[in-house]
Amino acid sequence: MSNTYQNILKNTEFSVPENWMQIKTIDMHTGGEPLRVIVDGFPELKGDNVLEYRRYCKDNYDYLRTALMFEPRGHADMYGCILLPPNDDDGDFGVIFLHNEGYSTMCGHAIIAISTLAIEMNWIPIKEGDNILKIDAPCGRITSYANVKNGKVTGVRFHCVPSFVVGLDREVILDGIGPVTYDLAYGGAFYAYVDMAKNNFDFDLTPKSYRELIAKGMDIKHAVMEVDKEILHPFENDLSFLYGTIFIDNMKQSSGVDSKNVCIFAEGEVDRCPTGSGVSGRMAIHKKRKEIGFGDTMSIESITGSVFKGSVVSEEDYGTFKAVIPQVEGTAHITGKQNFIIDPQDPMKKGFVFR
């Protein structure tokens, strides 16, 4: 055995210089969609609530968002979150969400993942059955239920914020395609929902159409943003923007699920899971159309074949809207733990991204 190889076996730890930043994360996925949970090393964020923490992060530490989400540490479809104090003493913790474009208002796959992580890390007292977590997201308080059997998480369901329909069967003109029909709804974030059966597209919702889905999804998003002036949250201006386009295939899938979702969000990210906030908005749409009732469950598949279950828990008035409280259920898994280091002399320390 060579001396060099013996040295390799003996020296497997890199000593990080004191002036280099270290940020620790636990990486997960929910239905294939990644989540990088930042657990240590991120600078303290100032504020009194999650929205204020988000603004402070955007104004002062956005370079760390890009460092952790972009290449070479991440990729164009990476997603992350920072755990924070709750908005009040009744909450368990707060969270802000990071991606390639900035900071989203709600993320269902992250709620499912961090609820799972809370059990795996013993952040809360654990019991058999449902373990309740009150999580303050930028869109409001989310209540999640992590189900534990024989000490292990079997799944997580969460009750989203009030979700509502802004308009059904709206139309936007797209260059090269013509009229596109969409529904505008909110499930913690605003989406344009595009039913494949109502539109004449030359692509489907399979991985082979990945690039076409990105291109058309972003074209639709930008076109809707230009013409639709009702992307307005009734209470928070910070939530009043269109997050993405969700393509829907309501034909019965071969796997027996009820429907298929592919969400194109932020700056052309493709959600690998069925999109928790997107399913929440869909529950409002289906309730409005009288296609789902209390006690009914809809199984919605993603581009990877992962499935979320959606249902409607209750209805309530929310500003001028008749909103629903949706329930979304899924599973998440831990994929690794990271100790990212940032060399101050690295010319690419803030990251870069290709799409």
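Structural data are supplied above this passage.
Residues numbered from 1 in each chain as written. Predicted model: local features only at pLDDT ≥ 70, side-chain atom pairs only at ≥ 80, totals over all residues. Heavy atoms only, no water.

J.: Requested: an account of the pairing of strand 5 (residues 129-137), with residues and values cited.
T.: Bridge analysis of strand 4 (residues 93-98) against strand 5 gives two bridges, and the strand direction is parallel. Within the sheet, the bridge partner assigned to G94 lies in strand 5 and is D136. Bridge count for strand 5 against strand 6 (residues 140-149) is nine bridges, and the pairing is antiparallel. Considered in strand 6, the bridge of N131 is made with A146. Taken together, strand 5 and the strand that follows it, strand 6, pair antiparallel across an intervening segment of two residues. (Pairing = 2+ DSSP bridges. Helix = DSSP H or I, 4+ residues; strand = E, 2+ residues; numbered from the N terminus.)

J.: How would you sum up the nonpolar core? Please name residues and give values.
T.: Within soluble globular proteins, side chains that are nonpolar generally end up buried alongside one another. Counting 88 residues, the largest nonpolar core has F97, I114, I142 and F247 as the members making the most contacts within it. Per element, the largest residue contribution to this core is eight residues, and it comes from helix 4 (residues 108-120). Core analysis: the next-biggest nonpolar cluster, separate from the first, contains 21 residues, Y53, C57, Y61 and M69 among them. (Core = buried A, V, L, I, M, F, W, Y, C linked by side-chain atoms within 4.5 Å. Buried < 20%, exposed > 50% of the residue type's maximum accessible area, 1.4 Å probe, protein only.)

J.: So what's going on with empty space enclosed by the protein? Which residues, and what values?
T.: Inspection of every chain in the model, using the stated rule, returns one cavity of 30 Å³ or more. Estimates place the volume of the largest cavity at around 80 Å³. Along its surface, the largest cavity is lined by 14 residues, and C107, H109, D271, T275 and S277 are the ones closest to its centre. Residue composition of the lining of the largest cavity, grouped by class: eight nonpolar, five polar and one charged. (1 Å grid on protein atoms, 1.4 Å probe; cavity = no way out; pocket = protein on both sides within 12 Å on 5 of 7 lines; lining within 4 Å. Points joined across faces, edges and corners; volume = space filled by probe spheres on them. Nonpolar A, V, L, I, M, F, W, Y, C, P; charged D, E, K, R; others polar.)

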